[in-house]
Amino acid sequence: MQSSGHRFRDVEHHSLLAENDSYDSSSSEADMAERVWFIRDGCGMVCAIMTWLLVVYADFVVTFVMLLPSKDFWYSVINGILFNCLAVLALSSHLRTMLTDPGAVPKGNATKEYMDNLQLKPGEVIYKCPKCCSIKPERAHHCSICKRCIRKMDHHCPWVNNCVGEKNQRFFVLFTMYIALISAHALILCGFQFFSCVRGQWTECSDFSPPVTVILMIFLCLEGFLFLTFTAVMFGTQIHSICNDETEIERLKSEKPTWERRLRWEGMKSVFGGQPSLLWINPFA
């Protein structure tokens, strides 16, 4: 390695792969792009399923307990369309976050042939991850759950069963935003429903019995309050990180930036893509 004119730094002093080990980075990345990215983590899969079930539960209570029995036709139609559209956007954002490669570095690319192709400057230091045997780009960190090095890794979120990194941070931000919106909407509808039932007859404000209606709405209020608090804080944290061009891991480790930080507006455009438009909030784009 000394003859190549650059230094190779290994955290645990693991050796490189043998020169005769075959590794084709272009074919590996192509194969990875063709496959659906999915992390087989038991805890993450349970959390992801719970997220969907909680959103479906909220949609059931809002639609069948509060809106359909309402005598105000336009109140039911407008709120029903709005809530279900937000729910679809939230679940779509969740799917895109979970099934999108967050920026994984190809495994086992720490070969002499690969490094010769990097055209490194003399004396330049490169880092090898001893866990997945890959050359770590700047700002990449290894995730013990994904078992990969992730570019600009912010954190691993079990609720989306994936890391939040360079390629899926936008979808994660949209997921937190839409969950916060439907949680706030559900809490507002619960407030109107309680007021309507107390003022009128409980037997007329819902197709379910009064005890069942109260229990369903109390659970929805608790769910809405917890999810609103969690996702609103997470949304604010993500926007702050994007504007400061700093990941959560870098902030917690107090890493000194060795890169040129983007301006706040440039950071937003780099994550959401291009100039501000409705595509920024579209998880299908």
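The structure displayed is predicted, hence computed values, not measured ones.

Cut-off values and rules
- Residues numbered from 1 in each chain as written.
- Predicted model: local features only at pLDDT ≥ 70, side-chain atom pairs only at ≥ 80, totals over all residues.
- Heavy atoms only, no water.
- Helix = DSSP H or I, 4+ residues; strand = E, 2+ residues; numbered from the N terminus.
- Buried < 20%, exposed > 50% of the residue type's maximum accessible area, 1.4 Å probe, protein only.
- Contact = heavy atoms within 4.5 Å.
- Areas by Shrake-Rupley, 256 points an atom, 1.4 Å probe, with all protein chains shown as cover.
- Phe/Tyr/Trp six-rings, centres within 6.5 Å; stacked < 30°, edge-to-face > 60°.
- UniProt positions renumbered as here; feature names shortened; annotations may be inferred.
- Core = buried A, V, L, I, M, F, W, Y, C linked by side-chain atoms within 4.5 Å.
- Salt bridge = Lys/Arg side-chain N within 4 Å of Asp/Glu carboxyl O.
- pLDDT = per-residue confidence, 0-100.
- Pairing = 2+ DSSP bridges.
- Axes fitted to C-alpha atoms, helices over the stretch in contact; angles between N-to-C directions.
- Parallel < 35°, antiparallel > 145°, perpendicular 65-115°, else oblique.
- Nonpolar A, V, L, I, M, F, W, Y, C, P; charged D, E, K, R; others polar.
- Left-handed = near helix turned anticlockwise from the far one by under 90°.

Enquirer: Any chance you could explain the overall build of the chain here in plain terms?
Expert: For the chain, the count of helices and strands is eight helices and seven strands. Looking at the 285 residues of the chain, the share that counts as buried comes to 43%. A sequence separation of at least 24 residues applies to 72% of the contacts in the chain between residues at least 6 apart. When the accessible surface of the chain is split by element, carbon and sulfur atoms take 63% of a total near 15800 Å².

Enquirer: Explanation requested: unusual backbone geometry in the structure shown.
Expert: Across the chain, the bulk of peptide bonds are trans and the bulk of non-glycine residues have phi less than zero. With a phi angle near 55°, C133 is a residue other than glycine that sits in the positive phi range. Mapping C133 onto the fold places it in the loop between β2 (125-129) and β3 (134-136). In this structure, D245 is a non-glycine residue whose phi angle is positive, near 50°.

Enquirer: Help me out: how do you make sense of the packing of aromatic side chains in this one?
Expert: Within a pair of aromatic rings, the relevant descriptors are the distance that separates the centres and the angle that separates the planes. Applying the stated criterion across every chain yields a total of seven aromatic pairs. Ring centres of F73 and W74 lie 5.2 Å apart, and the angle between their planes is 75°; on these two criteria the pair is classed as edge-to-face. Judged by relative accessible area, W74 falls into the exposed class, the value being 58%. A ring pair is formed by W159 and F227, whose centres lie 6.5 Å apart and whose planes are at 65°; its orientation type is edge-to-face. Of the two residues, W159 is situated in the loop between β6 (155-157) and β7 (162-164) and F227 in helix α6 (residues 210-244); the sequence distance between them amounts to 68 residues. A relative accessible area of 18% places F227 in the buried class. Among the aromatic residues, those joined into a cluster by ring pairs are F60, F64 and F208.

Enquirer: Got a minute to help me understand the UniProt feature "transmembrane region" (unreviewed entry) in the chain in this structure?
Expert: Per the UniProt record, "transmembrane region" (unreviewed entry) is found at residues 42-67, 73-91, 171-194 and 214-235. Its end C-alpha atoms 27 Å apart, residues 73-91 is made of 100% helix and 0% strand. Between the C-alpha atoms that bound residues 214-235 there is a distance of 31 Å. The span itself is 100% helix and 0% strand.

Enquirer: So what exactly am I meant to see when it comes to the nonpolar core here?
Expert: For soluble globular proteins, nonpolar side chains are generally found buried alongside one another. In terms of nonpolar packing, the biggest core is built from 37 residues, with V62, M66, F172, I179, L220, M268 and F272 touching the most fellow members. Taken together, the elements giving at least two residues each to this core come down to α2 (42-67), α3 (73-99), α5 (169-199), α6 and α8 (264-272). Here this core gets ten residues from one element, more than from any other, and that element is α5. With residues up to four places along the chain from it excluded, the contact list for F172 reads T97, H155, C157, V160, V164, M234 and Q238.

Enquirer: Whenever I open this one, the pattern of salt bridges confuses me. Can you help?
Expert: It is possible for side chains bearing opposite charge to pair when their charged atoms get close. Here the structure, examined in full by the defined rule, presents five salt bridges. Measuring nitrogen to oxygen at the nearest pair gives 3.1 Å for the salt bridge that ties R139 to D245. One end of the pair, R139, is in the loop between β3 and β4 (140-143); the other, D245, is in the loop between α6 and α7 (248-252), with 106 residues separating them in the sequence. You can call D245 buried: its relative accessible area is 5%. The shortest N-O distance in the salt bridge between R139 and E250 comes to 2.9 Å. Of this pair, R139 sits in the loop between β3 and β4 while E250 sits in helix α7; the two residues are 111 residues apart in sequence, bridging distant segments of the chain.

Enquirer: I tried to follow the environment of T111 on my own but got confused; where do I start?
Expert: Within the fold, T111 resides in the loop between α3 and α4 (112-117). As a C-alpha pair, T111 and I135 span 24 residues in sequence and 8.8 Å in three-dimensional space.

Enquirer: Looking at this structure, I do not really get the confidence of the model for the chain. What am I missing?
Expert: Low-confidence regions, as indicated by low pLDDT, have predicted coordinates that should not be scrutinised in detail. Here the chain shows a mean pLDDT of 84. Residues at 70 or above account for 86%. The low-confidence segment residues 1-34 (pLDDT under 50) makes 54 contacts with residues lying over four places distant or belonging to another chain.

Enquirer: What should I look at first to understand the pairing of strand β5 (residues 148-151) in this one?
Expert: Here four bridges tie β4 to β5, and the two strands are oriented antiparallel to one another. Paired with H141 across the two strands is I150, which belongs to β5. A loop of four residues connects β4 with β5, the two strands running antiparallel in sequence, and K147 in this loop sits at a positive phi of about 60°.

Enquirer: Which parts of the structure should I look at to understand the packing of α6 against α8?
Expert: The relative placement of two packed helices comes down to the angle between their axes together with the axis-to-axis distance. Where α6 contacts α8, the axes come no closer than 7 Å and their chain directions differ by 115°. Taken together, the axes of α6 and α8 lie roughly perpendicular to each other. Contacts between α6 and α8 involve I239, I242, C243 and N244 from the former and R264, G267, M268, V271 and F272 from the latter. Considering only residue class, the contact of α6 with α8 consists of six nonpolar, two polar and one charged.

Enquirer: Would you mind showing me how to read the packing of α3 against α5 here?
Expert: Two elements in contact, α3 and α5, have axes whose closest approach is 8 Å; the angle formed by their N-to-C orientations is 150°. Put simply, α3 runs roughly antiparallel to α5. Considering how the two elements wind past one another, α3 and α5 form a crossing that is left-handed. Contacts between α3 and α5 involve Y75, N79, L82, F83, L86, A87, L89, A90, S93, H94, R96 and T97 from the first element and F171, F172, L174, F175, Y178, I179, L181, I182, H185, A186, L189 and F192 from the second. Partitioned by chemical class, the residues of the contact of α3 with α5 number 18 nonpolar, five polar and one charged.

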